[in-house]
Amino acid sequence: MDIFGGLLFGFKNVLHPDILFYCFLGVVIGTLIGVLPGIGPIAAMSILLPTTFGLSPASAIIMLAGIYYGAMYGGSTTSILVNIPGEAASVITCLDGYQMAKKGRAGPALGISAIGSFIGGTLSVIALMFIAIPLSNAALKFGPPEFFSLMCLSMSLISYLARGSTFNAIIMIIIGLILGTVGMDPITGFPRFYFGSSTLLDGIGLIPVAMGLFGISEILMNIELKERTILETKIKNIFPTLKDMKRSIGAILRGSVIGFFIGLLPGGGGVIPTFISYTLEKRISKNPNEFGNGAIEGVAGPETANNAGSTGAFVPMLALGIPPNPVLAILFGALLMHGVVAGPLLMQRYPDIFWGVIASMYVGNIMLLILNLPLIGLWVKVLKIPYRMLMPLILLFCLVGCYAINNNPIEVFIMIIFGLIGYCLRRLGYELAPMLIAMILGPFMETNFRNSLLISDGSLKIFITRPISAILLIAAACLFVTSGLSVYKKTKKKIKEVVISDD
Amino acid sequence: MVNPNTFLIVILVSLGISISIYSYKIGIGSINNPGPGLFPFLLGSLLFLLSLYKINIFFKKKRLDETTHVRLFFKKLFALLFLLFFYAIFIDLIGYIFTTFITFSFIFRIAGYKNWFKIITYTICIMFISYLGFTYLGVRLPQGLLKMVY
Amino acid sequence: MKKKIFFILISLIFSISFNPYYSNSTEKYPIKPVIVVTPFPGGGAVSTISVITAKYLERHFGSPFIVEFKPGGGTVIGVTYVANAAPDGYTLLCAADIFTSVLMRTATYKMEDFKIIAQISLLGNALSVRADAPWKNFQEFVEYARKNPGVKYAHPGVGTFIYFRTENMNRKAKLNMIGVPMKGDTDVIPALLGGHVPVAVGSTFAHKAQADAGKTRILLSYDKATGYGLDPNIPDIEEFFKGSIYDIPVSIYLYAPAKTPKERVEIIEKALETICKEREYVEEMKKIGQMISFVPGNKVMETLPKKIETVKEIMKETGMIK
């Protein structure tokens, strides 16, 4: 079955009222789950899994898939409105999205995020259709050495996240990396820094930390405010202006590409595409100082990358039968329970499911756009609620949301502690985003480094003799050198100033 | 009050040292055959060195305008933190409804409401709505003391 | 006054005897939904087993059996939850062997906190190579591995049973392979397909999907090949090593908290025995890489100590515990 034939076949199957209903249900639930901090698509999908038994496999998958990318749409909402990442991948959106909200530009932020997600999602589905198979084979070339080098490249980008002192950012990165080592060592199984708590065996959870560092710390910072709303100025517009769109289109296109390609790597999706998009946009922007203060590209790029990434994650799933992240693993399991083995032969054996899912993604993206745009007016009104009412509500959502992930109060503890840590660090002039990203990337980097050495029998040459790895390392080295030089120059200047003032 | 900046640097330095020592103990292996401690050891040492460097800069800059004296802690902050920890500790013990009720009454107070009648009303409202809402979404909230009622 | 005390005493006695906690086994069981906890997130092998088994148990009893996913701590969180649950037969655990966390001292429960109701199935494991690999069968591979020590094999992680099982075989059969730990089958398969490692081990289910598509070749099925719908020419450990190696099968059990009344445990045990004979159940489980192998609780307890000893030995040899 050729591609267009397949697509038509898929659409024929999908454009039935009952399947459309399940698609709609999925994206609505997904959006809701995304908006609620803490509970993520994994929890929602696990809970709804039993209810999908009565459905046909296609309906079940379409609904569950809808929950997944619906959650990506919704996750940006709380990031922008109250600086709480609705789910892990939306952390980067907090950086500029929330600043835009404070300046009365929450509407454009939400709008561009919906539009960007739509474009990113749609472009990714198109890419998925055409190049899924060859691409997944190419992606297989990424082994431990390549991943390590990719992580090195990402590490060299992290310092771009910081607005202020790069030196402080580096300290934050190191702390983040150290936090990433908590838990069972992936190679030897040795439990590191876990203080006897079985919760910490899996490492410090990403979601409690993100919610604490961004959400709780924000509340702690605002607590001495008297009568106030989150808004610092009047609300300017509800929808993105033409100027906004013009500025963002580049970010959106780049975000789609970045999201899709990184999303399809094993372990794909999640925060990595969003953070790479953000740092890329900041690097090539004509006004990098706006970033961190409400630059719309800082929202458009990452949000697009987010959605494109989650669609890209379907590539290994549909082409190789390998779910690259825990969310898709649930989808995989759901298929299994319906007796469908989503292996490499999915397209041949179950074309109705394969093309049905792809067709449903187009439909789902459109539904989400139509659903989210009108809601923007509603969300913006939330910002007008007096803070004394809003603050307890936010806290309740955070506390319950965090608890609801695993019904584990220790995770709530972690969230609160990181809230306190985040508060102290922010007041003292340190930035949190580098720490969080480092915490996520650290374990990847270490595991792949050690695995690479295992494969090469201890030889470090493996990183350079393999072409992809070598290219990535050289790129990382260049970035390190250029940012290192600029830091050196800056510090020299600062020390000069100090010495001069000392005289 | 201790200057929070200095306090932080002291914490960083001690963290650096303790992490390095712990990592060394659990075995660092060699660069060609890393043990579980290698990575944390390098990180701990780096942290230690960087914090030392920071002390260096800091002393040089002391007369400049860096946020040297920042007041970090307020009564309200402590109260709120206490309530949050209270919530985490007791939610499993006495259950969602009671913990939420007690904690959020005080949170509303801290947030700025003075009228207790309003506070209690708001708390009860959000308590029920959230309980029903979350339970509908499939989240199992702990019963705690409610078990005795059954 | 005395009459009052008498009446109070009588009503107390009545209320205590009507209290469900003290009911005896003549009460019908199960009358309310039974929760089957599984310490994994939804979508994985054991989770799917739990869901399918719960479905059949529900059909058998005509009363709901609900699966709850409680992942975390490498299964410790979910297992501890059941260890501390009320021992009334309404909370059960569906999991593989849980003693590994105890041996590693990361468990917050003890083996004595549980009664093994029965073994339900054996989770199939397989060893595969790429389709273009030089070894056409396990014999060729074993010869090569013995002559060229240091062959790398990817496995789903150091805490997994398949890792212990493979290391057990690796050491006892002197294969001299070196394990490269990955995060689950989903990372192992790309590592194999991409040529980063020559050999991979993991669940039969994942490996069969790739083999059916012609991308890989399964050289060894740890348990009997035909039980998983594999080519009967593929040897299993028992057959290949002619019993010289004590293999550690990956068993899936249903557990109950230790103090659960014996009668209720037996009711579930009998039910499991029945459904394990149902053709439909066997086929459904086969599809997800499980070979039904019902073993009643007391028989399991007989073979368990040797299993624990063997795994303990491996853990010591690989340096996981001292």
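Residues numbered from 1 in each chain as written. Chains lettered and ligands numbered in written order. Predicted model: local features only at pLDDT ≥ 70, side-chain atom pairs only at ≥ 80, totals over all residues. Heavy atoms only, no water.

Chemist: Help me understand the overall build of chain C in this model?
Modeler: Looking only at helices and strands, chain C features 12 helices and 11 strands. Its C-alpha atoms put chain C at 95 × 45 × 35 Å along the principal axes. Across the 322 residues in chain C, those meeting the buried criterion constitute 55%. Contacts in chain C between residues at least 24 apart in sequence constitute 79% of all its contacts with a sequence separation of at least 6. The distance from the centre of the 40 positive side-chain charges to the centre of the 32 negative ones in chain C is 5 Å. (Helix = DSSP H or I, 4+ residues; strand = E, 2+ residues; numbered from the N terminus. Buried < 20%, exposed > 50% of the residue type's maximum accessible area, 1.4 Å probe, protein only. Contact = heavy atoms within 4.5 Å. Lys, Arg positive; Asp, Glu negative; His and termini not counted. Charge placed at Lys NZ, Arg CZ, Asp CG, Glu CD.)

Chemist: How do you make sense of the side chain of H155(C) when you look at a structure like this?
Modeler: Residues and elements named next belong to chain C. Following the sequence through the fold, H155 ends up in strand β6 (residues 152-155). When its relative accessible area of 1% is taken as the criterion, H155 is described as buried. In terms of polar contacts, H155 uses its side chain to reach the backbone amide nitrogen of G157, at 3.1 Å. Contact partners of H155, with chain neighbours within four places excluded, come to Y163, G179, V180, P181, M182, V188 and V201. (Polar contact = N/O pair within 3.5 Å; in protein donor to acceptor, adjacent residues only side chain to side chain.)

Chemist: Please clarify how the confidence of the model for chain B should be interpreted in this entry.
Modeler: It should be kept in mind that the predicted coordinates are not to be read in detail where pLDDT is low. Put simply, chain B has an average pLDDT of 81, and 83% of its residues get 70 or more. For chain B, helix α6 (residues 146-149) of chain B is the element with the lowest average pLDDT, namely 60, and helix α3 (residues 75-94) of chain B is the one with the highest, namely 88. (pLDDT = per-residue confidence, 0-100.)

Chemist: Help me out: how do you make sense of the domain arrangement of chain C in this one?
Modeler: Accessible area lost during the coming together of the parts is what is often quoted as the interface size. Residues and elements named next belong to chain C. Segmenting chain C into domains produces domain 1 (29-123 + 250-317) and domain 2 (125-240). Each of domain 1 and domain 2 was reduced to a C-alpha centroid, and the two centroids are 26 Å apart. Contacts between the two partners involve 19 residues from domain 1, matched on the other side by 16 residues from domain 2. In total, domain 1 and domain 2 occlude about 1,500 Å² of area from one another, counting both sides; carbon and sulfur atoms represent 70% of this. (Domains from an automatic or database assignment. Buried area = accessible area lost by both parts, 1.4 Å probe.)

Chemist: I would appreciate a short explanation of the pairing of strand β8 (residues 199-203) of chain C in the present structure.
Modeler: In summary, the side chains of a regular strand alternate between the two faces of the sheet. Residue and element names in this part refer to chain C. The element β8 is largely enclosed, with a buried count of five among its five residues. Strand direction decides the pairing type here: strand β5 (residues 125-130) and β8, joined by five bridges, are antiparallel. In the sheet register, V129 faces β8, and the bridge partner there is V199. With two bridges connecting them, β6 and β8 associate as parallel partners. Each residue of the ladder has a partner; that of Y153, found in β8, is V199. (Pairing = 2+ DSSP bridges.)

Chemist: What should I look at first to understand the interface of chain A and chain C in this one?
Modeler: Each partner contributes to the interface: chain A provides 45 residues, whereas chain C provides 39 residues. When chain A packs against chain C, close to 3,400 Å² is buried across both sides, 67% of that on carbon and sulfur atoms. The largest share of the area that chain A buries against chain C comes from L140(A), I322(A) and M337(A), three residues that together contribute 15% of it. The tally of links between chain A and chain C comes to one salt bridge. The residue D457(A) makes a salt bridge to K152(C) at a minimum N-O spacing of 2.9 Å. Where chain A meets chain C, there are seven residue pairs in polar contact (both at pLDDT 80 or more). Counting only elements with at least two residues in the side of chain A that touches chain C, the list comes to α7 (144-158), α14 (326-337) and α19 (433-455) of chain A. When residues of the side of chain A that touches chain C are assigned to their parent elements, the largest contribution, six residues, is made by α14(A). (Salt bridge = Lys/Arg side-chain N within 4 Å of Asp/Glu carboxyl O.)

Chemist: Looking at this structure, how should I read the sheet that holds strand β11 (residues 290-296) of chain C?
Modeler: Where strands meet in a sheet, backbone hydrogen bonds hold them as pairs that are either parallel or antiparallel. Residue and element names in this part refer to chain C. In spatial order, the strands read β2-β1-β3-β10-β4-β11; together these six strands make up an open sheet with mixed pairing. With one partner strand each, in any of the chains shown, β2 (65-69) and β11 form the two edges of the open sheet. Here the average twist between neighbouring strands, direction ignored, is 25 degrees. Judged from the seven bridges that link them, strand β4 (residues 114-123) and strand β10 (residues 251-257) form a sheet pairing that is antiparallel. When the bridges of β10 are listed, A118 appears paired with L254. The strands that helix α3 (residues 76-83) touches are β1 (34-38), β2, β3 (91-95), β4 and β10; relative to β3, the one it contacts most, it runs at about 150 degrees. (Axes fitted to C-alpha atoms, helices over the stretch in contact; angles between N-to-C directions.)

Chemist: What exactly am I supposed to notice about the interface of chain B and chain A here?
Modeler: Contacts between the two partners involve 62 residues from chain B, matched on the other side by 63 residues from chain A. Of the roughly 5,900 Å² buried between chain B and chain A, counting both surfaces, carbon and sulfur atoms make up 80%. The tally of links from chain B across to chain A stands at zero salt bridges. At the boundary of chain B and chain A, one finds four residue pairs in polar contact (both at pLDDT 80 or more). When contributions to the side of chain B that touches chain A are tallied by element, the ones reaching two or more residues are α1 (4-26), α2 (38-61), α3, α4 (96-111) and α5 (116-136) of chain B. Split into classes, the residues belonging to the side of chain B that touches chain A amount to 44 nonpolar, 10 polar and eight charged. (Nonpolar A, V, L, I, M, F, W, Y, C, P; charged D, E, K, R; others polar.)

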